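What the coordinates show
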Amino acid sequence: MASSGRAGAAGTAEFASVCVRRLGRLSPHQYSDLSDDDYWPPSPKRRRICSPASLVSSSRAASRQRSLALDEPIYRCSSSRSSSTFRPPPEPGDKVDRIWWTVDDGSPGPDLVSAASVVHFNNPQDPDDKSFEAEALPSTELEYPNNHSCETFILLVPKDPDHYNPIMCLVESLYTIIDCYLTPPQKALFGTLPTALPSEHPPPPSPPTSSVVNLSGDLSNSSHNSGNTAQQNHLRTLQRAIRRRDGPLFLHTMDTINFLLRSLKYPPLPDDVFEPALPNQLLTYARESWAEPPYRGIPKRVLLRVIEETYQRIVGPNIGQLSRYSAFTSEVYGELMPSFTDKIIVQTGLHAGSLLVDLGSGVGNVLLHAALATGCSAFGVEFMAGPAALAREQLRQLRTRCRMWGLSLGNVELEEGDMLASRRVDALLPKADVVVVNNKVFEETLNAALRPKFLDLKEGAVVISLKPFVQPNARVTERNVDDICAIFDVEERPYHSGDVSWGSSGGTYYAHRVDRVGYASIRERFENARARSVRAGRR
């Protein structure tokens, strides 16, 4: 997406005029405690009798001194607030309370894109051929924490390790549920959690000879029964089945594991018909334990698992749509990874009462991650049709998966269109606490066109970008005091390998914090210097 910036003397004058009107002025008591004399020494009070020649010389010297005083730069870090004083991340006990769980039923409904639907084939020549459908292939299910929520996984292992692996996806979700939703005695029913996932490159297998196992919960025909499940290490058995690619053993073990999960989700009814039924034990423990340290909210393992499940099923199969862009334009696509979003959350202190705006939101990764992690409200606008469509699908799928995991999601709004022409952007920017702009490849004309929009941001709002809109520690002089650079404190911070999608090395990003208090102090100093120069010239 490209747009024209301001150019020419008339455009510059108009931009400066807009800045003066919109930067804002504050009352004198809000200025810095430092007086002007701390920056400019006071003029001497003694009167001297000078000859006409010395008057001319003195006038020239005063003129030069006046010019030097007005041109003396003030670095942005010398304002009333230093660029190093960004809002620190809140302590665990100071986080804004949010309701991270949902009271809705976990039934996925028709919106669920299951793991089975991602990997199966069909017969385009014969639509009635059912042999390629998921139901015809060996598969198993996984019980998710919320009531009436489960998902089907097909027993397929890709030869390419970069392709979606439904078995590894199932195992990672299972381990996350056991690790974060169960009490220690409940975990003991399943066995020992491994420190790493099973190897994705096992020895040559024996082909499976069994079809889908009945997961109704009746284990009477199984070699395992409900009386001895607690003594068996089912998770270790599951690992052994994966290493050997033993299909029957894998299905049989998942049958037992699902039986145990269902027994915790749906406890037996009490003998007394007047006693209330016991609640879902997985959700009960999560709501109690996650409210205490070290979690104080959704555990990071759960958060990343839900995000990854959504991405794998929606973006993964359609990754080709993201490469349809014109090279060397503002449409070149790149993603900020979950680790980068975590940096934004920590640095800016996003919480349930915050508003996050993403200009060029792509497939919505940053918005969805932040809304789930903090409960904040989030708005994103994306110009390209492919990523915008995937963002809408990701949002729909994430809402479904949050119900399955028993979680709540902050309010998320998506728009497809031009960020410069969007009325919704103009309405929300003045309310935004954090603005994210992945402008790594934006054309300079687009970056220049975005700058005036930031004049509407409120005090303390932070703009996160990959290229700076204002250089860190910018020099503020008499000539540029009315430019947008004067309202921003800018901090340059590093990101590391794995934080972005377009390279294996790290880089830097920029956090611009609106500081009109500091701007007012700087502007007052220039005005006072000008006034003193005028008074000195009249003597």
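Residues numbered from 1 in each chain as written. Predicted model: local features only at pLDDT ≥ 70, side-chain atom pairs only at ≥ 80, totals over all residues. Heavy atoms only, no water.

For the protein chain, the helix and strand inventory stands at 15 helices and eleven strands. Residues classed as buried in the protein chain amount to 45% of the 539 residues present. Sequence separation of 24 or more characterises 78% of the internal contacts of the protein chain that already satisfy a separation of 6 or more. Entry remark: accessible area of the protein chain is about 26,700 Å², with carbon and sulfur atoms responsible for 53%. (Helix = DSSP H or I, 4+ residues; strand = E, 2+ residues; numbered from the N terminus. Buried < 20%, exposed > 50% of the residue type's maximum accessible area, 1.4 Å probe, protein only. Contact = heavy atoms within 4.5 Å. Areas by Shrake-Rupley, 256 points an atom, 1.4 Å probe, with all protein chains shown as cover.)

This part takes up the packing of aromatic side chains. What characterises a pair of aromatic rings is the spacing of the ring centres plus the angle enclosed by the ring planes. Scanning the entire structure with this criterion turns up nine aromatic pairs. Measuring from ring centre to ring centre gives 4.6 Å for Trp100 and Trp290, while their planes differ by 35°; the resulting arrangement is tilted. Taken as a pair, Trp100 in the loop between β1 (74-75) and α3 (115-119) and Trp290 in the loop between α8 (281-289) and α9 (300-314) lie far apart in primary sequence, 190 residues in all. Judged by its relative accessible area of 0%, Trp290 falls in the buried class. With 5.4 Å between their ring centres and 80° between their planes, Tyr144 and Trp405 make a pair best called edge-to-face. Taken together, the residues Tyr144 in the loop between β2 (139-143) and β3 (150-154) and Trp405 in helix α12 (residues 385-405) connect sequence positions 261 residues apart. Like Trp405, Tyr144 is buried. (Phe/Tyr/Trp six-rings, centres within 6.5 Å; stacked < 30°, edge-to-face > 60°.)

One non-glycine residue, His148, adopts positive backbone phi at about 60°. Mapped onto the elements of the fold, His148 is located in the loop between β2 and β3. Here the phi dihedral of Arg245 falls at roughly 55°; this positive angle occurs in a residue that is not glycine. As for its position among the elements, Arg245 is in the loop between α6 (234-244) and α7 (247-265). Arg245 gets classed as partly exposed once you look at its relative accessible area, which sits at 31%.

Spanning 19 residues, α7 covers 27 Å between terminal C-alpha atoms, matching the ideal 27 Å at 1.5 Å per step. In terms of burial, α7 is a largely internal element, 16 of the 19 residues being buried. Capping the start of α7 is the job of one residue whose side-chain oxygen sits 3.1 Å from the backbone nitrogen of Leu249: Asp246. (Expected span 1.5 Å × (residues − 1). Polar contact = N/O pair within 3.5 Å; in protein donor to acceptor, adjacent residues only side chain to side chain.)

Time to look at the pattern of salt bridges. Inspection of the entire model under this criterion finds 17 salt bridges. The salt bridge involving Glu143 is made with Lys265; its shortest N-O contact spans 2.7 Å. Of this pair, Glu143 sits in strand β2 while Lys265 sits in helix α7; the two residues are 122 residues apart in sequence, bridging distant segments of the chain. Take Lys265: its relative accessible area is 3%, and that puts it in the buried class. The salt bridge involving Glu491 is made with Arg493; its shortest N-O contact spans 3.0 Å. (Salt bridge = Lys/Arg side-chain N within 4 Å of Asp/Glu carboxyl O.)

Within α8, the full set of buried residues consists of Leu282, Leu283, Ala286 and Ser289. The buried residues of α8 occupy one face: seen down the axis, they fall within an arc of 145°. Structurally, α8 contributes buried residues whose contacts are with α4 (166-181), α7 and α12. One side-chain oxygen of the residue at the start of α8 lies 2.9 Å from the amide nitrogen of Leu282, identifying that residue as Asn280. (Arc of directions from axis to C-beta.)

For the rest of this paragraph, the subject is the confidence of the model for the protein chain. In this model, the protein chain carries an average pLDDT of 76, and 67% of its residues clear a pLDDT of 70 or more. Across residues 78-96, where pLDDT falls below 50, the model places 42 contacts with residues more than four positions away in sequence or in other chains. (pLDDT = per-residue confidence, 0-100.)

A sheet is described by the order of its strands in space; here seven strands give the open sequence β6-β5-β4-β7-β8-β11-β10, paired in mixed fashion. Looking at which strands have only one partner, the edges of the open sheet turn out to be β6 (412-416) and β10 (488-495). In this sheet, neighbouring strand axes are inclined to one another by 15° on average, regardless of whether the strands run parallel or antiparallel. Where strand β4 (residues 355-359) and strand β5 (residues 377-382) come together, five bridges link them in parallel fashion. Residue pairing across strands places Leu359 opposite Val381, the latter belonging to β5. (Pairing = 2+ DSSP bridges. Axes fitted to C-alpha atoms, helices over the stretch in contact; angles between N-to-C directions.)

The next subject is the nonpolar core. If you look at the biggest cluster of nonpolar residues, it comprises 74 residues, and the most contacted ones within it are Leu174, Tyr181, Leu356 and Leu407. No other element matches α4, which puts eleven residues into this core. Every residue in contact with Tyr181, bar those within four places of it in the chain, is listed here: Pro145, Thr176, Gln186, Gln281, Leu282, Leu283, Tyr285, Ala286, Trp290, Val302, Trp405 and Leu407. In this structure, Leu429, Leu450, Val470 and Val514 belong to the second largest nonpolar core, which totals 27 residues. (Core = buried A, V, L, I, M, F, W, Y, C linked by side-chain atoms within 4.5 Å.)

The next subject is the pairing of β3. Pairing analysis gives five bridges linking β2 to β3, with the strands arranged antiparallel. The residue of β3 that forms the bridge with Glu143 is Cys150. Turn length for the β2-β3 hairpin, with the two strands adjacent in sequence and antiparallel, is six residues, and the turn residue His148 shows positive phi of about 60°.

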